[in-house]
Each structure stands twice: as structure tokens, then as C-alpha cells.
Amino acid sequence: MSSGKITAAAIRAMKVRGEKIAALTACDFPMTKLLDEAGIPLILVGDSLGMVVLGYPDTTHVTMTEMEHHVRAAARAKPRALLGADLPYKSYGTPADAGENAKRLVAAGAEFVKAEGGREIIEPVRAIVSAGIPFCGHLGMLPQHVLEEGGYHVKGKKEAEHQALLEDAKALADAGAFAIVLELVTPPVAKEITARIPIPTIGIGSGDDCDGQILVTLDLVGLFPWFTPRFVKPRAACAAEIKSAVAEWKNSITVI
Ligand code: KIV
């Protein structure tokens, strides 16, 4: 990859070259800067920030105003990475809402937007793409549907689900998405989708055969120790480091 600013087209081209795409989430200035300095090419201000930063029980509570606030903070880092943002719950039900809210996130500093769903959101997706805003799909387990679905379930085990995922992925690619996140999709189905669509798949809990991988950074670095998804192997123990640094400092000022 060249040394300039990373675009959606550059991320797409990584699939063609067989280069794995490492993507992570960020929701503020320092984390965006750190991920960018570490060479991560795609950074997402994901609505998972609702849980890991704002303390909500799930992502359905996150608002457009909250997303704009975090996108602005991340964008101030001026990353070389492509910086995207999630359209939050119920912000893209119609093409008009999708277009308007995607433009708000772009005005806040997002360079692409992501939304959850397949053929059922194809008209909103077309509205976003025809406004010239790069769009990333999200299929499989859809966190914004957790309440209707009664939990976070793996998708693709049943044949009907497998076929629906494949059709949804093709529809999103045809509608102009530049990539698709596959969350908790069975690894064989994720592998098949990856082989059958021209745009990159970015997996989370969907096996090793996607074109890229994405994780919530706080899970990866052990900064949200109260819950770690089973597919995440934390590479650091930042929460423990913080507690021990704080305790050490506290002792240093309380010792007479
Ligand atoms: O909200 C989020 O952080 C996400 C990624 C983990 C894919 O959607």
C-alpha cells in the first residue's frame, strides 16, 4: 500500500492483492492516533462504544448526537487510516434518513459509514452510495437487533440462513458497498461469502478466512475486563496495568 491517505478504494484493492485488512475500533483522539501510528489501515467509530465507553447494556441506546461527538474526537487525530462510523439504531430506516444521517457523520469527520442489514436496507444503502459516501455493510449477528433476537447468536448454521447471508452479501456489493463486516458468521459460510463477492469481507468472530479482521480495541487490549467475547484473545492487560499504576501512585502519596 502507498504511503498516502487510505481510501475506500485502497481497502478494496487490498482484497485484490490478497493483503489482509486489519481493522479496529476507536472513539476518541488518543486511541485513533495510537491505532494510526501502529499502522492500522481502517478505523471504525463503532456503536459498540455505547457499551464499552458509555456503559449502556447494548447498542440500541446510542444516538446520532453521541456518534457525532465521538466521530469528531476521532477525526481530530487526522489519521492516515480510513476512518468510518456506524449509523446508530433506527437512523437509517428510510433512504431519506440514511442519506441525511450519513451526511451528518461525514460532516463530523467520517470517511465512510456502516449500517447493519442486507436486502432489507438496500434502498437506504443506495441513497448513501448515491450521495457519494462510501458504505460498509454488516451481516451476520446484528447487535442493533439484539433485543428482537434475544441475544448474540452465531449465523449461518441453518441452510436458509446460509443462503440469505450469501444473497445479502451479493446485494450489498451490487448496491456499491466497498466492504462488508461479517459478525459471528460460521467460518465455512464466511469463507464462501469471501470467495463469492468482489469486495472485502472483514470478519469478527467469523473464522480466519475473511479478507480482514476487526475487533473492538478495548477487548483486544484488555481495557474492558468485565466481559470479553469468546473469540477475542486479549494481547495486553491494560485494565490491570491501570489499576496497578493507580495503586502505586496512591501509595506514593499516602506514605508518610
Ligand atoms: O460497533 C462496532 O464496534 C462494530 C464492529 C465491532 C464491527 O460494529
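Keep in mind it's a predicted model, so treat the numbers as computed, not measured.

Outline the sheet that holds strand 5 (residues 135-140), supporting the account with residue identities and numerical values.
Here we have eight strands rolled up into a closed barrel, ordered 1-2-3-4-5-6-7-8, and parallel in their pairing. Averaged over all neighbouring strand pairs, the angle between strand axes comes to 25°, with direction disregarded. As paired elements, strand 3 (residues 82-86) and strand 4 (residues 112-114) share three bridges and run parallel to each other. Within strand 4, the residue paired with Ala-85 across the bridge is Val-113. Lying on the sheet, helix 8 (residues 159-175) is in contact with strand 5 and strand 6 (179-183); it crosses strand 5 at an angle near 175°.

Describe in detail the pattern of salt bridges, supporting the description with residues and values.
Inspection of every chain in the model, using the stated rule, returns ten salt bridges. Residue Glu-19 is joined to Arg-17 by a salt bridge in which the shortest nitrogen-to-oxygen separation is 2.9 Å. Taking relative accessible area as the criterion, Glu-19 reaches 29% and is therefore assigned partly exposed. Classification of Arg-17 as partly exposed rests on a relative accessible area of 47%. As a salt-bridge pair, Arg-104 and Glu-68 come within 2.7 Å of each other at their nearest N and O atoms. Residue Arg-104 is found in helix 5 (residues 95-108), and its partner Glu-68 is found in helix 4 (residues 64-75); the two are separated by 36 residues along the sequence.

Tell me about helix 2 (residues 29-37), residues and numbers included.
Of all the positions in helix 2, only Met-31, Thr-32 and Leu-35 are classed as buried. Buried residues in helix 2, looked at end-on, bunch into an arc of 100°, giving them a common side. Along helix 2, exposed side chains directed more than 90 degrees from the buried face belong to Leu-34 and Glu-37. Those residues of helix 2 hidden inside the fold are in contact with strand 1 (21-25), strand 2 (42-45), helix 4, strand 3 and helix 10 (217-220). The N-cap residue of helix 2 is Asp-28: its side-chain oxygen and the backbone nitrogen of Met-31 are 3.0 Å apart.

Give a detailed account of the site of the ligand, specifying residues and quantitative values.
Taken together, Thr-25, Leu-44, Gly-46, Asp-47, Ser-48, Asp-86, Lys-114, His-138, Val-181, Ile-204, Ile-214 and Val-216 make up the full set of residues adjacent to the ligand. Asp-47 is positioned with one of its side-chain polar atoms (N or O) 3.1 Å from an oxygen atom of the ligand. Within the contact set of the ligand, an oxygen atom lies 2.5 Å away from a side-chain nitrogen or oxygen of Ser-48. Judged by the fraction of its atoms near the pocket grid, the ligand is located in the largest pocket. Taken together, the residues that form the shell around the ligand break down as five nonpolar, four polar and three charged.

Let's hear about the environment of Lys-78: which residues, and what values?
The residue Lys-78 is located in the loop between helix 4 and strand 3 in this model. Residue class for Lys-78 comes out exposed when judged on its relative accessible area of 70%. A sequence separation of 73 residues divides Lys-78 from Lys-5, and the C-alpha atoms of the two residues are 9.8 Å apart.

Criteria and thresholds
Residues numbered from 1 in each chain as written. Predicted model: local features only at pLDDT ≥ 70, side-chain atom pairs only at ≥ 80, totals over all residues. Heavy atoms only, no water. Pairing = 2+ DSSP bridges. Helix = DSSP H or I, 4+ residues; strand = E, 2+ residues; numbered from the N terminus. Axes fitted to C-alpha atoms, helices over the stretch in contact; angles between N-to-C directions. Contact = heavy atoms within 4.5 Å. Salt bridge = Lys/Arg side-chain N within 4 Å of Asp/Glu carboxyl O. Buried < 20%, exposed > 50% of the residue type's maximum accessible area, 1.4 Å probe, protein only. Arc of directions from axis to C-beta. Polar contact = N/O pair within 3.5 Å; in protein donor to acceptor, adjacent residues only side chain to side chain. Near = heavy atom within 4 Å. 1 Å grid on protein atoms, 1.4 Å probe; cavity = no way out; pocket = protein on both sides within 12 Å on 5 of 7 lines; lining within 4 Å. Sits in = over half its atoms within 2 Å of the grid points. Nonpolar A, V, L, I, M, F, W, Y, C, P; charged D, E, K, R; others polar.

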